[in-house]
Amino acid sequence: MTVIADKNVVLCVSGGIAVYKSVELLRLLKKQGANVRVIMTKNAASFVGSLTFEALSGQPVCTGLFENNDPSIRHIEWAQEADVVVVAPATANIVGKFANRIADDALSTFMLAVTSQVILCPSMNVNMYKSKPVQRNLEILREDGYFIMSPESGELACGTAGPGRLPEPEDILDRLISCITPKDLRNKTVIVTAGPTREPIDPVRFISNPSSGKMGYSIARAAEQRGADVVLITGPTNLPDPLNVSVVRVQTAGEMADAVFEQMKVSDIIIKTAAVSDYRPKDPEKHKIKKQKDEITLNLLKNQDILKELGKRKKDQVLVGFAAETQDLEENAVKKLREKNLDIIVGNLIGGSASGFGSDTNTVALFHKDGSRESLPTMEKDAVAHILLNRIVTYLKNSM
Ligand code: CTP
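Residues numbered from 1 in each chain as written. Predicted model: local features only at pLDDT ≥ 70, side-chain atom pairs only at ≥ 80, totals over all residues. Heavy atoms only, no water.

Peer 1: What exactly am I supposed to notice about the pairing of strand E13 (residues 269–272) here?
Peer 2: Look at any regular strand and the pattern is simple: side chains alternate between the two faces of the sheet. Side chains Ile 269 and Ile 271 project from E13 onto one buried face, and the interleaved Ile 270 and Lys 272 project onto a second face that is buried too. Pairing of strand E8 (residues 189–194) with E13, which is carried by four bridges, proceeds in the parallel orientation. Of the residues in E13, the one forming a bridge with Thr 193 is Lys 272. Where E13 and strand E16 (residues 318–325) come together, four bridges link them in parallel fashion. By the bridge assignment for E16, Ile 270 is matched with Leu 319. (Buried < 20%, exposed > 50% of the residue type's maximum accessible area, 1.4 Å probe, protein only. Helix = DSSP H or I, 4+ residues; strand = E, 2+ residues; numbered from the N terminus. Pairing = 2+ DSSP bridges.)

Peer 1: Sorry if this is basic, but what is going on with the pattern of salt bridges here?
Peer 2: Two side chains with opposite charge may pair up if their charged atoms get near one another. For the structure on display, the rule yields 23 salt bridges. Across the pair Asp 104 and Lys 97 runs a salt bridge, and its minimum N-O distance is 2.7 Å. Here Lys 97 falls in the buried class, since its relative accessible area comes to 11%. Lys 369 serves as the salt-bridge partner of Asp 343, at 3.1 Å between the closest nitrogen and oxygen. Residue Asp 343 is located in the loop between helix H13 (329–339) and strand E17 (344–349), and its partner Lys 369 is located in the loop between strand E19 (364–368) and strand E20 (373–375); the two are separated by 26 residues in the primary sequence. Owing to a relative accessible area of 2%, Asp 343 belongs among the buried residues under this scheme. Classification of Lys 369 by relative accessible area gives partly exposed; the value is 39%. What you see here is one network of salt bridges that share partners, running through Asp 174, Arg 175, Arg 221, Glu 224 and Asp 382. (Salt bridge = Lys/Arg side-chain N within 4 Å of Asp/Glu carboxyl O.)

Peer 1: Help me understand the packing of aromatic side chains, please; the structure alone is not making it clear to me.
Peer 2: The geometry of two aromatic rings is summed up by the distance between their centres and the angle between their planes. What the rule picks out here adds up to one aromatic pair. Plain terms: the ring middles of Phe 98 and Tyr 146 are 6.5 Å apart, the flat faces sit at 45° to each other, and that makes the pair tilted. One end of the pair, Phe 98, is in helix H5 (residues 92–99); the other, Tyr 146, is in the loop between helix H8 (132–143) and strand E5 (147–148), and 48 residues separate them in sequence. Under the relative-accessibility criterion, Phe 98 is labelled buried at 1%. (Phe/Tyr/Trp six-rings, centres within 6.5 Å; stacked < 30°, edge-to-face > 60°.)

Note that all results are geometric; they support no functional claim without further evidence.
Set out below in structure tokens:
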């Protein structure tokens, strides 16, 4: 169900301290359903044994050209069959070999035969990384079509600080998916709202809901992977910013409304995943409310329905809403679709651990403006995001 399910991925590991992160990358790739083959340099195997990679990939690991008297030319077959290749970590030495077409071990020989997209994740000492020869070699590889992922800045194993750290495995996976995803949303601007809003009662309390923001962040990430310019307008969440996405952080429904209406002017697609508070305290207290009375009353005012207003203002944008319901899903979702002038509404029944707030998976049904509907099985929110975007792409094609 994921973009890289059943794809042939070759994970190339050269010898740096960050090899331990490649193990996690391999685990994430397997979780996505990819068929992963691992090629390691001898130095990499000194940091983490090949057996670890073998056990996790479920395949023999290639560490040498003539290992175990194996007569097969595995490195050539793997290069021909690869849908995508990722080198993580890539040491200064292996970068130099690739750039200068040196083939003196299994990994560098394999690379000469690769025709698919290569994602290279340099990871080394900061001075090595910034040095002219390494930068020159990276530039050669960039010109050759390699996707070079910038290393992260921070403390390095050698005791120095600066750019040189291997990016987090989740971010490498994200770029890998992006490299093999068709860019069917290029030149489109997508606004996604996500997370809860917080409506202050006093300076230390607020009305909110348990939305984690995961669904909206998955959509923002997926749209970016498909080439869109993405603006993510989000309430408070604990999630890291998706790569290459412009993130606008808001607290209240009012702030979210201002941000959405501002961005709407330049958008082609608006997807409103956010769980917006329907009401806000009428007169938030300036100071913390003290617990004196046994009973207090909170007067609430209705917030503007942002999506309904978007439905009124919309010109040729595709407008998508979400409906989280505890009962009568179809009836409620279709009512919202009509009343808010939407093109698609994504409905889900909340409750249960496999769906809705906070969960990594979601069970949704899509209701379309033309009256059609489809129920999707429970799946990762990332997969739901891509299916929703598939439908939007079809919608855009049909309305041209
Ligand atoms: N929404 C919005 N502004 C609001 C309330 C909701 O933009 N003030 C949007 C949500 O982002 C979502 C859709 O409307 O895309 C449906 O939200 P939901 O909370 O399911 O429904 P409501 O319209 O608020 O109706 P009700 O709470 O009565 O079910």
